[in-house]
Amino acid sequence: MAPTIAIIGALDKEVRNIYHALEKGTVTDEAGLTVMGGSYNGFNIVATTAGMGTVNVAAATQHLISVYGANAVIFSGIAGGLNPALHIGDVVVGECLRYIDTDTALIAESAPHMEEFASSDFLVDLAEEALVAHGFVNAALGEEASETGSDARAVADATLFRRNNPDADPHRYLRGTIATGNRFITGDGLRAAVVAATQADCAEMEGAAVAHIAAKNQVDCLVLRAISDNCDEAYDALCEREFDLDEYAKTASDLTLSIIRRLGAKLGVSFRD
């Protein structure tokens, strides 16, 4: 029986490309969600738009695990950048996920008895492989790694995704920390408070809750975030940049599909990037 992967986004634009990639697709409305099902690269896929915030995404994650028996959950979407080494269009792989506005000591009194959460190691590794194959450079290597002449830049420029535009600076990625809270982070004061509390590389409203529910159910998970702003715009202003927002969301969903293909390769299913 094929494994089942649940894919979740907070906004429809974050999962739209996933819907289009599925074969033998089905659509059901249940538990306040529209759930798309189908197959992709040998896996059963269930995908949904959860809505924004920790409660919405926790409910969606639990539903897809309980009803569809998801073996893994992938959450992808956009986030506000906090780390000055990251720029718009760069990607954070959520090695660590921390709540912003939660008394984590009280949360940890219940199973899975954790104050912070994590994506599964093997999925983080696959995400890094996919990012390198897509021409991203590891931001942890420093600014010089993105410069012409460096080994990392040479690898990036040789990828299919950069052959037609090798003069543009490559996007970068980081295996980092994601901060999750139930408010939109904007302005210097809030931004500084989140960094002080979590030492996070980006901020959003769902990731830690996905990883929390996955850990509670002993299910693998991965959280990916494409940087869409630097926590310096109001939500309404961000949404007005519709084209850019779609591009950043597409980056995250394209990487999700690439990771699934790579996972298929590990299990003996061929893929091509």
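For the structure itself, look to the data block above.
Predicted model only: the values in this text are computed from it and were never measured.

Conventions we followed
Residues numbered from 1 in each chain as written. Predicted model: local features only at pLDDT ≥ 70, side-chain atom pairs only at ≥ 80, totals over all residues. Heavy atoms only, no water. Helix = DSSP H or I, 4+ residues; strand = E, 2+ residues; numbered from the N terminus. Buried < 20%, exposed > 50% of the residue type's maximum accessible area, 1.4 Å probe, protein only.

Caption draft 1: Local environment of unusual backbone geometry. The omega angle of the peptide bond from A111 to P112 is 15°, so this bond is cis rather than trans. Take P112: it is sitting in the loop between α3 (104-107) and α4 (121-133). The residue K24 is not glycine, and still its phi comes out positive at about 55°. By secondary structure assignment, the location of K24 is in strand β2 (residues 23-30). Judged by its relative accessible area of 76%, K24 is exposed. A positive phi angle is found at N41, which is not glycine, with a value near 55°. Note that N41 resides in the loop between β3 (33-40) and β4 (43-49).

Caption draft 2: Quick look at helix α7 (residues 207-216). Within α7, eight of the ten residues are buried, which leaves it mostly tucked inside the rest of the structure. Among all positions of α7, only G207, A208, A209, V210, A211, H212, I213 and A214 are buried. Where α7 terminates, the next one or two residues include Q218, which has phi positive at roughly 55°.

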